[in-house]
Amino acid sequence: FKWEKDIVLMKGKRWADTTFLHDASGKPIYGLTYEYDDSWQAEMKVFQILDDKIEVSKEKPIVTRQIQRCGGMFISDDEKRYRVAQNGEPSYGHNLIFCEAKLDWPHYREKIVKEVELESIKYDGKFKAIGMHTYNATDMYEVIDFRSHEFHFDTFIYGCYKRFRTLGGKVKRKIMGEISR
């Protein structure tokens, strides 16, 4: 399997945890994402996809808590749609939240119908889980991504690289700004 980029829907934005809503044929028609500013503050955005172009709603989504990054695919039953979210309070991936979602373009609103605490989940205990941040399911399987504080050397190196790259970009922008004056 080889991934190939087909089109770029959004350029110049910091979007994270984007989740799509699909029509009956499986084509993505709406989506939710979190857009980050330079201080890494996030705001939920609702968008629709028309002819391979994104239109972001100018309406502010109505959510129960401000920071609830998407935490998996939307779940639908016969009449309702649910968004899986991560509770980022008090820290990233604290637990999972299921919200009943209503979308009537360009308006989006939701309400929390269930919070799943880590203590309520049974797992094999081979590592010390401190939270959960993603839930996905098919007809046959359920998958929960746990968060742990175990040390992983590759994650440590990648984290250092990201911080260095971010710092380098800030220094470069500052220097370039001073040169162009």
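Residues numbered from 1 in each chain as written. Predicted model: local features only at pLDDT ≥ 70, side-chain atom pairs only at ≥ 80, totals over all residues. Heavy atoms only, no water.

S.K.: Explanation requested: the pairing of strand β2 (residues 28-36) in the structure shown.
M.R.: In the case of a regular strand, side chains alternate between the two sheet surfaces. Across six bridges, the pairing between strand β1 (residues 15-22) and β2 is antiparallel. Its bridge partner lying in β2, Ala16 is registered against Tyr34. Two successive antiparallel strands, β1 and β2, enclose a turn made up of five residues, where Gly26 displays a positive phi of approximately 95°. Bridge count for β2 against strand β3 (residues 42-50) is seven bridges, and the pairing is antiparallel. Counted as the bridge partner of Tyr36 is Ala42 from β3. Taking the residues that link successive antiparallel strands as the turn, the β2-β3 hairpin has five residues, and the phi of Trp40 there is positive, at about 65°. (Pairing = 2+ DSSP bridges. Helix = DSSP H or I, 4+ residues; strand = E, 2+ residues; numbered from the N terminus.)

S.K.: Hey, could you run me through the sheet that holds β1 in this one?
M.R.: By definition, the strands of a sheet pair up through backbone hydrogen bonds, in either a parallel or an antiparallel sense. Here we have four strands laid out as an open sheet, ordered β1-β2-β3-β4, and antiparallel in their pairing. One side of each edge strand has no neighbouring strand; the edge strands of this open sheet are β1 and β4 (53-56). Pairs of neighbouring strands in the sheet enclose a mean axial angle of 30°, with direction left out of account. (Axes fitted to C-alpha atoms, helices over the stretch in contact; angles between N-to-C directions.)

S.K.: Help me understand the pattern of salt bridges in this model?
M.R.: Proximity of charged atoms lets side chains of opposite charge pair with each other. Taken as a whole and judged by the stated rule, the model has four salt bridges. With its nearest N and O atoms 2.4 Å apart, the salt bridge here joins Asp17 to Arg69. Here Arg69 lies in the loop between β4 and β5 (75-76) and Asp17 lies in strand β1, a separation of 52 residues in the sequence. What makes Asp17 partly exposed here is its relative accessible area of 28%. Across the pair Glu110 and Arg83 runs a salt bridge whose closest N-O atoms are separated by 2.8 Å. One end of the pair, Glu110, is in strand β8 (residues 107-116); the other, Arg83, is in strand β6 (residues 81-87), with 27 residues separating them in the sequence. Per residue, the accessibility class of Glu110 equals that of Arg83, and both read buried. Look at the salt bridges and you will find they share partners, linking Lys80, Glu100 and Lys102 into a network. (Salt bridge = Lys/Arg side-chain N within 4 Å of Asp/Glu carboxyl O. Buried < 20%, exposed > 50% of the residue type's maximum accessible area, 1.4 Å probe, protein only.)

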